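Below are the chains, spelled out letter by letter.
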Amino acid sequence: MPLIELGDSIPPNTAHAVSVSLPTWKANVGYEEGEQWVLGVMTTGYPRFFIHKSIQAFSHDITAKHGTANQQAMLFPTRKTANRCLDFIRDKAPQSALTNLDVLHLVLDPAKKAPEALQSATPSISAILCSAEAFPFAKQYWQHSGDGVSSRRAEFCHGLFKANILIPEEKASSPRALQQKLCRGPKRYQRTAPIEDGLNETNGAHYRRHYPVKSDSSTDDDTTDTLETSRFLEERYGRNLDLSLVPNAKSAIRRRIAGVLTTDIDLNSTTSFPTMDSNARGISNFKEDDIYLVPCGMNAIFTTHQALLKAREPRKSINFGFPYVDTLKILQKFGPGAIFYGRGSSADLDDLESRLQSGERFLGLFCEFPGNPLLTCPDLVRIRRLADTYDFAVVVDETVGTFVNVNVLPFADVVVSSLTKIFSGDCNVMGGSIILNPNSRYYDPLKRVMTADFEDTYWAEDVIFMERNSRDFRSRIDRVNANAEAICEVLTAHPLVTKVYYPKYNESRHNYEACRLPNGGYGGLLSCTLKTKAHAMAFYDALETAKGPSLGTNFTLTSPYVVLAHYQELEWAASFGVNPDLLRVSVGLEDDLKYIFTKALRAAEAVQVGEQTAGTEEKPSI
């Protein structure tokens, strides 16, 4: 792959890219240190860590128009998501930060007849307006929960806002607002017209409202103005957001996740959809509505944890295995807390079983299969047995393993995944999923909570992109599996590589095999360490792949993962066996990866002996 310049989006020239180029080790450190030579050239960043520039621009315009000079804005899709952020700020921030704290709800102006497609999209925005002191707490909630607006939603709603079509809710409900004329652009776009359709605040359910609008029919010009205004809105907003295929696109995504849709289909007709097999994923009684789509993978974990807290007696959770950074934060900050078993070993399970035998009880156990970045696999068979005996839920994140390679659902009460990763592959859209196991002892209470509380905030444009990207998901997995094993062969054969982390070679391989499907491989994620930090840096800098955050892309994507994810806590990560100089490789579909990695290793060979050591682990025997 040609070098992607520092700060450019990955993929290049992609407005809603999910990664950003950090092509050298020094650039990764500079990013973590907040150095301007890195931050100043970044066109984008990893969502939930970097606020997309379209969201930044919209936030700025909201505060300029409706806030004060000292306020900043954090944007959410609904009132409920914004109120959760507000509660978090009030709970975590000091009292001095709570002044000048407010929520602004923006909705479609009912005095302007928006096309049906626009109304059904529910293009609402709820903005937390807060001081600079409170903003870091708003950003914490935004990062951990995944509740924030997507960049596509922000971009679309910003256009409505600038056109005075998205207005504060209190103005939309006032009699004056319902009678005012549209005063934007040329006079021919000014009108007075009735509105019949509206939307409630639960993200898309329709109701009928009739607004008594004063009619001005003194001239034929007014009729022409009304028609031209409707045409203006339809052309600018309605046709640009064709929602007719969104319900079918969501159904197609759910059925792919269920494993029953394995071929391309015509979204214009549900007759081409395969029947939802009640035994899909090896589970009886499985239904499509047991699968929930959410805006991102972290939101799947957050939503599941919140649902468990409501469905069961609130208790501490268990984070088993070294986790993705925000999973542990969610369990610690939103509820009674968590205990952490960072190695996810059999000894950790022994300790957990001892605590359970002594009477401790827990809400649920959260784990990844395999884990990121060490690719270790927890013993789901034993965990399931303990959960059944001692009454706790099991939540498994299958993002890295994928349901093409492994089937973890029989061992889990809930399975979550980040669809942003290999399910999409194109690195240009976010998404997540939640699967409720219909045979779980917690299914009925969880289903009641989800039915009562779940908000579908997955933005329509993101749904369409996700469905299109995922059509060849299964065939891509086969190629990625093969490519990953080929890279492992190169790495394990080289004397500078001290350790390769991959499910096929790890000590926990037997746990992976317990869930591996007959035709499943070992996935497209691996990590490695080299003899010294200098070797790792030279190897990374010379590697001719895309280099930046995220994983599960159709192209190979490499990062010094621990530097990016745990820069402020490197010693803590090392205490769980996570080397600070570890390199993580998300394997793509390229044909020349063995050559690319061999060439980079040659660059590492040129490093002088005696540099600072990066790790002392022995190379695995395979």
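So, here is what we can say about the structure in this document. Quantities reported herein were computed from a predicted structural model and do not represent experimental measurements. (Residues numbered from 1 in each chain as written. Predicted model: local features only at pLDDT ≥ 70, side-chain atom pairs only at ≥ 80, totals over all residues. Heavy atoms only, no water.)

**Thoughts on empty space enclosed by the protein**
Let me state the cut-off plainly: As defined here, a cavity is a set of points on a 1 Å grid over the protein atoms alone where a 1.4 Å probe fits but cannot get out. A pocket is an open set with protein on both sides within 12 Å along at least five of seven lines, and residues line them when an atom is within 4 Å of a point. Grid points are joined across faces, edges and corners, and a volume is the space filled by probe spheres set on the points. Ten residues, namely Ala, Val, Leu, Ile, Met, Phe, Trp, Tyr, Cys and Pro, are considered nonpolar, four, namely Asp, Glu, Lys and Arg, are considered charged, and the remaining ones, Gly among them, are considered polar.
Using the criterion set out here, one finds five cavities of 30 Å³ or more in the structure. In this model, the largest cavity occupies a volume close to 300 Å³. Surrounding the largest cavity, 25 residues form its lining, P47, V149, S150, S151 and M430 being those nearest its centre. Counted by class, the lining of the largest cavity contains 12 nonpolar, nine polar and four charged residues. Around the second largest cavity, the lining is made up of 14 residues, and of these V400, I422, G524, L525 and G552 lie nearest the centre. A class-by-class count of the residues in the lining of the second largest cavity yields seven nonpolar, six polar and one charged.

**Examining the pattern of salt bridges**
The line we're drawing: Salt bridges are defined by distance alone: a side-chain nitrogen of Lys or Arg within 4 Å of a carboxyl oxygen of Asp or Glu. Only DSSP runs of H or I covering at least 4 residues are called helices, and only runs of E covering at least 2 are called strands; the numbering of each starts at the N terminus. Each residue is placed in one exposure class: buried if its accessible area under a 1.4 Å probe, protein chains only, is under 20% of its type's maximum, exposed if it is over 50%, and partly exposed if it falls in between.
The full count for this structure, using the stated rule, is 31 salt bridges. R152 is paired through a salt bridge with D462; the nearest N and O atoms lie 3.1 Å apart. Within this pair, whereas R152 is found in helix α7 (residues 151-162), its partner D462 is found in helix α17 (residues 460-469), the two being separated by 310 residues in sequence. When sorted by exposure, R152 lands in the same class as D462, which is buried. Linking E513 and R509 is a salt bridge whose minimum nitrogen-to-oxygen distance equals 3.0 Å. In this pair, E513 and R509 both sit in helix α19 (residues 509-513), four residues apart, roughly one turn of the helix. Residue R509 is classed as partly exposed on the basis of its relative accessible area of 32%. Among the charged side chains, a network of salt bridges with common partners joins K287, D289, D290 and K447.

**Observations regarding the packing of aromatic side chains**
Spelled out, the test is: For this analysis, a ring pair means two rings from Phe, Tyr or Trp (six-membered ring only for Trp) whose centres lie within 6.5 Å, classed as stacked if their planes differ by under 30 degrees, edge-to-face if by over 60, and tilted for the remaining angles.
All told, the structure shown has 25 aromatic pairs when counted by the stated rule. Look at F403 and F423: their rings are 6.4 Å apart centre to centre, the planes differ by 55°, and that puts the pair in the tilted class. Of this pair, F403 sits in the loop between β13 (393-397) and β14 (414-418) while F423 sits in the loop between β14 and β15 (432-436), placing them 20 residues apart in sequence. Assessed through its relative accessible area of 3%, F423 is described here as buried. Taking 6.1 Å as the distance between ring centres and 55° as the angle between the ring planes, the aromatic pair formed by Y502 and Y505 counts as tilted. Y505 carries the same exposure label as Y502, and that label is buried. Here the aromatic cluster, defined as three or more aromatic residues joined through ring pairs, consists of F76, F88, Y141, F302 and F334.

**Considering the nonpolar core**
Inside soluble globular proteins, nonpolar side chains tend to come together where they are buried. Under the convention used in this document: Residues enter a nonpolar core if they are buried and are Ala, Val, Leu, Ile, Met, Phe, Trp, Tyr or Cys, with the set joined through side-chain atoms within 4.5 Å. Should any heavy atoms of two residues lie within 4.5 Å, those residues are counted as being in contact.
Counting 182 residues, the largest nonpolar core has F58, I62, I128, L491, F539 and F597 as its most contacted members. Element by element, the count of residues in this core is highest for helix α18 (residues 473-492), at eight residues. With near-sequence residues (within four places) excluded, I128 lies in contact with Q72, A73, M74, F76, A82, C85, L86, I89, L101, D102 and V103. Among the nonpolar cores identified, the runner-up in size contains eight residues, and L22, A27, V38 and L564 belong to it.

**Considerations on the side chain of R255**
Here R255 lies in helix α11 (residues 246-258). Not counting residues up to four positions away in its chain, the partners in contact with R255 are V260, L261, F273, P274, T275, M276 and E288.

**Things to note about the packing of helix α14 (residues 346-357) against helix α15 (residues 380-390)**
Which entries qualify depends on this criterion: Working convention: axes come from line fits to C-alpha atoms, limited for helices to the stretch in contact. Angles between N-to-C directions cover 0 to 180 degrees. Angular relationships are summarised with four words: roughly parallel below 35 degrees, roughly antiparallel beyond 145, roughly perpendicular across 65 to 115, and oblique for the angles in between.
Across the interface, α14 lies against α15 with an axial gap of 11 Å and an inter-helix angle of 5°. Compared by their axis directions, α14 and α15 come out roughly parallel. Side by side, α14 and α15 meet where S346, L349, D350, E353, L356 and Q357 of the first sit next to R382, I383, L386 and Y390 of the second. Its residues placed into classes, the contact of α14 with α15 shows five nonpolar, two polar and three charged.

**Focus on helix α16 (residues 443-453)**
When we look at burial in α16, the residues that qualify are Y443, P445, L446, K447, V449 and M450. Looking at the packing, one finds that the buried side of α16 touches β9 (291-294), α12 (297-311), β14 and β15.

**Details of unusual backbone geometry**
A cis amide bond links I10 with the next residue in sequence, P11, at an omega value of 0°. Assignment of secondary structure puts P11 in the loop between β1 (9-10) and β2 (19-20). Following N372, the chain continues to P373 via a peptide bond in cis, the omega torsion being 20°. Position of P373 among the secondary structure elements: in the loop between β12 (364-368) and α15.

**Some points on the layout of surface pockets**
One number sums up the size of the second largest pocket: a volume of about 740 Å³. Residue lining of the second largest pocket: 39 residues in total, with R343, G344, S345, T376 and S508 positioned closest to the centre. Elements with a minimum of two residues in the lining of the second largest pocket: β10 (317-320), α14, β12, β13, β16 (497-501) and α19. If you tally residues by element for the lining of the second largest pocket, the top one is β12, at three residues. Looking at the lining of the second largest pocket residue by residue, the class counts come to 16 nonpolar, 15 polar and eight charged.

**So, the pairing of β12**
Test applied: For two strands to pair, DSSP has to find at least two bridges joining them. We call a crossover right-handed when, viewed with both strands directed away from the observer, the connection leading from the first strand over the helix to the second proceeds clockwise.
Most of β12 is tucked away: five of the five residues are buried. The alternating pattern of β12 places G364, F366 and E368 on one face and L365 and C367 on the opposite face, and all of these are buried. Note: β10 against β12, three bridges, orientation parallel. Looking at β12, one finds that I318 is bridged to L365. Note: β12 against β13, five bridges, orientation parallel. If you follow L365 over to β13, its bridge partner there is V394. For the handedness criterion, the β-α-β arrangement of β12, α15 and β13 is classed as right-handed.

**Description of the sheet that holds strand β5 (residues 125-131)**
Sheet strands line up and pair through hydrogen bonds in the backbone, either parallel or antiparallel. The antiparallel open sheet is built from four strands, whose spatial order is β3-β5-β4-β6. Of all strands in the sheet, those bounded by a partner on one side alone are β3 (71-76) and β6 (166-168). Strand-to-strand twist of the sheet, defined as the mean angle between neighbouring strand axes without regard to direction, takes the value 30°. The pairing of strand β4 (residues 102-108) with β5 spans five bridges and is classified as antiparallel. Bridge pairing in β5 links H105 to S126. Along the sheet, helix α3 (residues 53-66) contacts β3, β4, β5 and β6; its crossing angle with β3, the most-contacted strand, is approximately 125°. Lying on the sheet, helix α6 (residues 135-145) is in contact with β3 and β5; it crosses β3 at an angle near 10°.

**Description of the environment of S244**
On the secondary structure map, S244 appears in the loop between α10 (220-238) and α11. The exposure class assigned to S244 is exposed, which follows from its relative accessible area of 53%. Along the chain, S244 and A117 lie 127 residues apart, while their C-alpha atoms are 7.9 Å from each other.

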